[in-house]
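# A closer look at the structure
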Amino acid sequence: MTKRVLITGVSSGIGLAQARLFLEKGYQVYGVDQGEKPDLQGDFYFLQRDLTLDLEPIFDWCPQVDILCNTAGVLDDYKPLLEQTAQEIQEIFEINYVTPVELTRHYLTQMLENKKGSSSICAPSLQA
C-alpha cells in the first residue's frame with residue numbers, strides 16, 4: 001500500500017525538498033501552500049490555501065495520512081519585538097503554532113489507530 005504524506009509549505013524551501021524526497025521514494029504526496037503549485041513529478045496533489053483560514057477543506061481534500069509534515073511557517077522579518085504590531089504577532093503565532101497543532105490533533109487519532117508506531121509527524125518550523 002502506498003503511503004500518503006501531507007506537507008504544508010510545499011511550494012518552497014524545506015517543504016519542497018520533503019515533497020521531492022517522498023515522491024522519489026514512491027509516496028503519494030499531498031501538498032498545501034498559499035503560493036503557486038510547485039513543478040513536481042509523480043503522485044502529487046496540490047491545494048492552494050492559506051493555512052490561517054478554516055482547515056476543514058484540507059481535511060475533506062486529504063482525509064487520511066500516514067505522515068504529516070507541518071513545514072509551513074513564517075518569520076518575523078527579524079524585527080525587534082517593540083516594532084511588531086499585535087496583528088503581526090498574531091499571524092506568526094497562528095501559522096507557526098495554532099495551525100500545526102490543529103492539523104496534528106485532527107490526523108493523530110486516525111494515524112495511531114491505523115498503524116501503531118509507523119505514522120510520523122514532522123514539524124521543522126517548530127524545532128529550535
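My aim in this report is to walk through the structure given alongside it, one point at a time. Because the structure is predicted, anything quoted here is derived from the model rather than measured. Along each chain, residues carry numbers from 1 onward, in the same order as the chain's sequence is written. Predicted model: local features are reported for residues with pLDDT of at least 70 only, side-chain atom pairs are reported and counted for 80 or more only, and whole-chain, interface and lining totals are derived from all residues. Excluding hydrogens and water, the side-chain values take into account all heavy atoms of the structure.

When a carboxyl oxygen of Asp or Glu lies within 4 Å of a side-chain nitrogen of Lys or Arg, that pair is called a salt bridge. Here the structure, examined in full by the defined rule, presents two salt bridges. The residue Lys79 makes a salt bridge to Glu88 at a minimum N-O spacing of 2.9 Å.

Here we come to the environment of Gly31. Starting at the N terminus, helices and strands are each numbered in turn, a helix being any DSSP run of H or I of at least four residues and a strand any DSSP run of E of at least two. The topology assignment puts Gly31 in strand S2 (residues 28-33). When accessible area is computed with a 1.4 Å probe and restricted to protein chains, residues below 20% of their type maximum are described as buried, those above 50% as exposed, and intermediate ones as partly exposed. Residue classification places Gly31 among the buried positions, given a relative accessible area of 0%. Between the C-alpha atoms of Gly31 and Tyr45, which are 14 residues apart in sequence, the distance is 6.2 Å. Sequence-distant contacts of Gly31, defined by excluding residues within four places in its chain, comprise Ile7, Val10, Phe44, Tyr45, Phe46, Leu47 and Trp61. Two residues qualify as a contact provided that any one of their heavy atoms is within 4.5 Å of a heavy atom in the partner residue.

In this section: the layout of surface pockets. Where empty space is left can be seen by rolling a probe of water-molecule size over the atoms. There is about 710 Å³ of room inside the largest pocket. Think of a 1 Å grid over just the protein atoms. A cavity is a set of points where a 1.4 Å probe fits yet cannot get out, a pocket is an open set with protein on both sides within 12 Å along at least five of seven lines, and lining residues have an atom within 4 Å of a point. Together, 31 residues line the largest pocket, and Gly73, Val74, Leu75, Ile95 and Asn96 are the ones closest to its centre. Elements supplying a minimum of two residues to the lining of the largest pocket: helix H1 (13-24), S2 and helix H3 (86-114). Sorting elements by how many residues they give to the lining of the largest pocket places H3 first, with six residues. Grid points are joined across faces, edges and corners, and a volume is the space filled by probe spheres set on the points.

Here we take up the pairing of strand S1 (residues 4-8). Of all the five residues making up S1, five are buried; the element is thus mostly covered by neighbouring parts of the structure. Pairing of S1 with S2, which is carried by five bridges, proceeds in the parallel orientation. Along S2, the bridge assignment pairs Leu6 with Tyr30. Looking down the strands as they point away from the viewer, one classifies a crossover as right-handed if the path from the first strand across the helix to the second runs clockwise. Once you follow S1 into H1 and on to S2, the crossover reads as right-handed. The rule for pairing is simple: two strands pair if DSSP sees at least two bridges between them. With three bridges connecting them, S1 and strand S4 (residues 67-69) associate as parallel partners. The residue bridging Ile7 from the neighbouring strand is Cys69, located in S4.

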